[in-house]
Amino acid sequence: MYEWSDEHLMVRDAVRQFVEQEIRPQRDELEFGDTPPYDVLRKLYRTFGLDALARESFKKRIEAERAAEEEAPAGGVPPAASESRGGGGAMFMIPIIELCRCSPGMVTAMGVSVGLTASSIMSKGTIEQKERWALDLLTLDKVGAWAITEPNSGSDAFGSMQSTARRDGDEYVLNGSKTFITNGPYADTTVFICKLDEGNAPPDRKVLHFVLEKGDSGFEQSKPLRKMGLHSSPTGQLFLGDVRVGRDRLLGETEEVSGGGGRDAAKSTFTMERTGVVAMALGIVERCLELCIDYAKERVQFGKPIGEYQLIQLKLAKMEVVRVNLQTLVFRQIEMGAAGKQLSLAEASAGKLYAAQSATEVALEAVQLFGGNGYMAEYEVEQLARDAKVLQIYAGTDEIQVSQIARSLLA
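Residue indices begin from 1 for each chain and proceed along its sequence in written order. Whole-chain, interface and lining totals are the exception, using all residues; otherwise, since this is a predicted model, local features are given only for residues with pLDDT of at least 70 and side-chain atom pairs are given and counted only at 80 or more. Only hydrogens and water are set aside when side-chain values are computed; all heavy atoms of the structure are taken into account.

**Considerations on the packing of helix 1 (residues 6-23) against helix 3 (residues 38-47)**
Alright, step 1. All axes here are fitted lines through C-alpha atoms, helices being fitted over the stretch that makes contact, and every angle between N-to-C directions spans 0 to 180 degrees. Under the scheme used here, helices are H or I runs from DSSP no shorter than 4 residues and strands are E runs no shorter than 2 residues, and both carry numbers assigned from the N terminus. The N-to-C vectors of helix 1 and helix 3 enclose an angle of 145°; their axes lie 11 Å apart at closest approach. Seen from above, helix 1 lies across helix 3 with right-handed handedness. The segment helix 1 lies against helix 3, with Phe 18, Glu 22 and Ile 23 engaging Val 40, Lys 43, Leu 44 and Thr 47. Should the near helix be turned anticlockwise from the far one by less than a right angle, the crossing is left-handed, and should it be turned clockwise, the crossing is right-handed. The contact criterion used is simple: two residues touch if any of their non-hydrogen atoms lie within 4.5 Å.

Rendered as structure tokens:
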């Protein structure tokens with residue numbers, strides 16, 4: 001794949017029109033107010049039939065899993081139904097790119113709910129748990145949050161994790177706190193990741209996944225936190241004080257399933273999240289370059305458009321190099337998805353590292369090219385620069401990506 005097909009371009013134009021008509025007019029409310037993004041995202045899903053598509057895909061998968069379960073030998077484990085996340089598909093990438101040209105935060109809010117939270121339940125949950133929670137997340141009828149980060153465990157998510165689950169008869173008692181949780185303030189369904197406290201040392205404890213629902217006794221969701229960028233993506237803190245849950249809230253309903261490969265399951269989620277960052281970065285870079293080209297033609301200094309000066313041309317040329325590289329990475333992801341292959345964690349980390357650094361550099365150069373105007377909130381490049389920076393932090397910092405890539409090379 002070396003270019004978008006006519007079908008892809010038709011979808012792109014349709015999504016771009018939706019963004020211009022439905023999202024851009026609300027930009028100030030989303031950016032400077034306290035308007036949650038979920039109603040607009042649900043309208044996007046309805047407009048393009050993504051909710052109906054999710055229901056149909058979910059129905060087919062559950063039917064396949066029930067059939068596999070019936071074919072399993074007595075007492076045996078049914079063969080896993082193939083898991084299709086669609087993470088590498090063009091029809092998945094195009095909306096991400098287009099939304100990020102205007103409001104990257106909306107992609108984060110949508111991706112955590114439909115992607116991370118739903119995928120966690122779909123990969124580890126029982127059929128009953130998937131029907132209970134995952135479908136509503138996949139259609140955006142409900143909002144999901146995936147809670148792993150804690151005040152004292154950012155990059156060292158598992159090593160410093162302090163949130164615990166303790167057995168109490170047939171139930172579990174959950175305690176702890178989480179921070180920087182996307183959708184945390186509004187989530188209907190939260191996948192809470194913690195360690196099983198059996199009196200053993202924290203490093204030796206199993207990692208378990210539980211599902212929490214808004215309103216659970218002892219479960220508190222904070223108001224949205226104020227942050228540098230991604231204002232259209234609500235971020236909050238979660239507090240658990242003796243939250244009592246039954247085994248039905250333990251993903252997989254057994255500790256072996258919920259805890260089995262707990263770290264690997266989280267790494268698989270990180271891979272998906274990091275892959276999406278490349279498409280996000282492409283959207284940001286495309287819009288920055290577009291705005292800079294127009295400004296370079298219109299802005300006159302010393303008697304001629306600034307686009308005629310070589311230093312400005314150098315900035316534009318470097319932005320175009322980044323755009324081409326990111327688009328090539330997106331095309332590769334699409335091709336791999338079509339071939340049924342997934343990026344390794346190291347490959348996803350390499351793509352994420354390049355995309356995050358490049359998008360941030362391009363956005364800051366866009367501000368520089370606009371000069372004083374670029375520093376003003378009324379100009380889009382100011383918002384895009386603030387939004388781009390988080391790509392170097394969430395889903396693993398740049399430093400963690402470097403470490404992951406190097407460990408893979410030296411293994």
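**Comments concerning helix 3**
Alright, step 1. Throughout this description, buried means an accessible area under 20% of the type-specific maximum (1.4 Å probe, protein chains only), exposed means over 50%, and partly exposed covers the range between. Among the residues of helix 3, those classed as buried are Tyr 38, Val 40, Leu 41, Leu 44 and Tyr 45. Seen from one end, helix 3 has its buried residues packed into an arc of 160°, which puts them on one side. Opposite the buried face of helix 3, by more than 90 degrees, sit the exposed residues Asp 39 and Arg 46.
Alright, step 2. Contact partners of the buried residues in helix 3: helix 1, helix 4 (50-71), helix 5 (90-100), helix 6 (104-124) and helix 7 (127-138).
Alright, step 3. Backbone geometry just downstream of helix 3 places Gly 49 in the positive-phi region, at approximately 70°. Picture the helix axis, draw a direction to every C-beta atom, and the arc is the one those directions span.

**Topic: the side chain of Thr 179**
Alright, step 1. For Thr 179, the location among the structural elements is in strand 3 (residues 171-182).
Alright, step 2. Excluding its chain neighbours within four sequence positions, the residues that come into contact with Thr 179 are Thr 149, Glu 150, Pro 151, Gly 236 and Gln 237.

**Things to note about the packing of aromatic side chains**
Alright, step 1. Geometry of aromatic contacts follows a simple scheme: Phe, Tyr and Trp rings, the Trp one being its six-membered ring, pair when their centres are within 6.5 Å, and the pair is stacked under 30 degrees between planes, edge-to-face over 60, tilted otherwise. On inspection of all chains with the given rule, the structure shows six aromatic pairs.
Alright, step 2. Both rings, one in Tyr 172 and one in Phe 210, keep their centres 5.2 Å apart while their planes meet at 65°; by these two values the pair is edge-to-face. Placement of Tyr 172 in strand 3 and of Phe 210 in strand 5 (residues 207-213) is noted, with a sequence separation of 38 residues between them.
Alright, step 3. Of the residues examined, Tyr 172 reaches a relative accessible area of 0% and is grouped as buried.
Alright, step 4. For the ring pair Phe 370 and Tyr 379, a centre distance of 5.9 Å and an interplane angle of 65° mean the geometry is edge-to-face.

**Quick word on unusual backbone geometry**
Alright, step 1. In this structure, Leu 140 takes a positive phi of about 70° despite not being glycine.
Alright, step 2. The class of Leu 140 is buried, set by a relative accessible area of 3%.
Alright, step 3. Positive phi, close to 70°, is recorded for Asn 183, a residue that is not glycine.
Alright, step 4. In this structure, Asn 183 sits in the loop between strand 3 and strand 4 (189-196).
Alright, step 5. Judged by its relative accessible area of 0%, Asn 183 falls in the buried class.

**Considering the pattern of salt bridges**
Alright, step 1. Here, a salt bridge means any side-chain nitrogen of Lys or Arg that lies within 4 Å of a carboxyl oxygen of Asp or Glu. According to the stated counting rule, one finds 35 salt bridges in the structure shown.
Alright, step 2. Between Arg 55 and Asp 141 there is a salt bridge, and its shortest N-O distance comes to 3.3 Å. Taken together, the positions of Arg 55 in helix 4 and Asp 141 in the loop between helix 7 and strand 1 (144-147) put the pair 86 residues apart, joining distant regions of the chain.
Alright, step 3. Residue class for Asp 141 comes out partly exposed when judged on its relative accessible area of 41%.
Alright, step 4. Close ionic contact of Arg 66 with Glu 131 constitutes a salt bridge, the shortest N to O distance being 2.8 Å. Of this pair, Arg 66 sits in helix 4 while Glu 131 is found in helix 7, placing the two residues 65 residues apart along the sequence.
Alright, step 5. Accessibility expressed as a relative area gives 39% for Glu 131, which makes it partly exposed.
Alright, step 6. Because the salt bridges share partners, they merge into one network encompassing Arg 16, Glu 20, Arg 24, Glu 98, Arg 101, Glu 286, Arg 287, Glu 290 and Glu 380.

**A short note on the pairing of strand 5**
Alright, step 1. Of all seven residues that make up strand 5, six are buried, and the element is covered over most of its length.
Alright, step 2. Two strands pair if DSSP finds at least two bridges between them. Bridge count between strand 4 and strand 5: seven bridges; the pairing is antiparallel. When the bridges of strand 5 are listed, Phe 192 appears paired with Phe 210.

**Some remarks on the side chain of Thr 397**
Alright, step 1. Relative to the elements of secondary structure, Thr 397 occurs in the loop between helix 12 (380-389) and helix 13 (398-410).
Alright, step 2. Relative accessible area serves as the criterion here: at 18%, Thr 397 is assigned to the buried category.
Alright, step 3. Residue contacts for Thr 397: discarding those within four places in its chain leaves Ser 155 and Gln 392.

**Considering the state of the cysteines**
Alright, step 1. Disulfide: a pair of cysteine sulfur atoms within 2.5 Å of each other. Here the structure, examined in full by the defined rule, presents zero disulfides.
Alright, step 2. Cys 100 takes part in no disulfide bond, and the closest cysteine sulfur, belonging to Cys 102, lies 9.9 Å away.

**Considering the confidence of the model for the protein chain**
Alright, step 1. Confidence scores per residue from the predictor, reported as pLDDT, run from 0 to 100. With 93% of its residues at a pLDDT of 70 or more, the protein chain shows a mean pLDDT of 92.
Alright, step 2. Low pLDDT, under 50, characterises residues 75-87; the predicted model gives this stretch 19 contacts beyond four residues in sequence or across chains.

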